[in-house]
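# Understanding the architecture of this molecule
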Amino acid sequence: MNTNSKFIITINRELGSGGRTVGRKLAEKLGVPYHDKTLIQALQERYNLTAEQIEQLKGHEISWWESFKQKMTEDVFRAETQILKALAKDQSCVIAGRTAFYMFRDHPNHLSVFIHASMLNRMERVAREQDMSKEQARLVIDKVDKMRENYVNEFAGTSRYDARNYHLVLNMDELSEDAAVDLILQYIRSSAQG
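Here we summarise the structure given alongside this text. The structure presented is a predicted model; accordingly, all values stated were derived computationally and were not measured.

### So, the pattern of salt bridges
Here the structure, examined in full by the defined rule, presents twelve salt bridges. Here Asp162 ties to Arg164 by a salt bridge, and the two come within 2.8 Å at their closest N and O atoms. Arg164 sits in the exposed class, given a relative accessible area of 74%. In this structure, a network of salt bridges that share partners links the residues Arg13, Arg20 and Asp36.

Now the structure itself:
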């Protein structure tokens, strides 16, 4: 990947792994926009849904009519694709989550990163950040993992956990967010030389 021309870095992450923070800090170090909440806000405006409704719809957790749900989910995916591609059209950026790793897989200057952590570390982080018990955090994590995996399976035809989808996979159990950013930057420098 070459940071001297327009680039896209996609970061897929597990809830509670610290991936959102890594993406934000990486974008700051590179001096480029970071897109995460931007996409959800655009989808909320377009469909007049809450962020939770969008996530549930994408994960097939809403018990509405099956055909309506399928149509809406496909519409959300198309809208998501249009929004992400528009965001990345004119400038370099870091995009967190969604199926961005898949959408930009053929982009000539794209780096795809997956950030994960052990369940214990994820539970502790979610419990701390959302002021809940570890047991409640585990339920939230399991639900979000299932919804995200269903969405990626359906629209990317792969598992979000398949390491072959990424250039770089980081386990956050022994890394701080800053150390993870440094590793990604080191990878970028070494890939530009090679």
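### Quick notes on the sheet that holds strand E3 (residues 93-96)
Ordered in space as E2-E3-E1-E4-E5, the five strands form an open sheet in which the pairing is parallel. Where the open sheet ends on each side, the last strands, each with one partner, are strand E2 (34-35) and strand E5 (168-171). Both strand E4 (residues 110-116) and E5 contribute to a ladder of four bridges, which runs parallel. In the strand pairing of E5, Phe114 is matched with Val169. Relative to the sheet, helix H8 (residues 177-193) contacts strand E1 (8-13), E4 and E5, its axis offset from that of E5 by approximately 160°.

Reading the values: rules and limits
- Residues numbered from 1 in each chain as written.
- Predicted model: local features only at pLDDT ≥ 70, side-chain atom pairs only at ≥ 80, totals over all residues.
- Heavy atoms only, no water.
- Salt bridge = Lys/Arg side-chain N within 4 Å of Asp/Glu carboxyl O.
- Buried < 20%, exposed > 50% of the residue type's maximum accessible area, 1.4 Å probe, protein only.
- Pairing = 2+ DSSP bridges.
- Helix = DSSP H or I, 4+ residues; strand = E, 2+ residues; numbered from the N terminus.
- Contact = heavy atoms within 4.5 Å.
- Axes fitted to C-alpha atoms, helices over the stretch in contact; angles between N-to-C directions.

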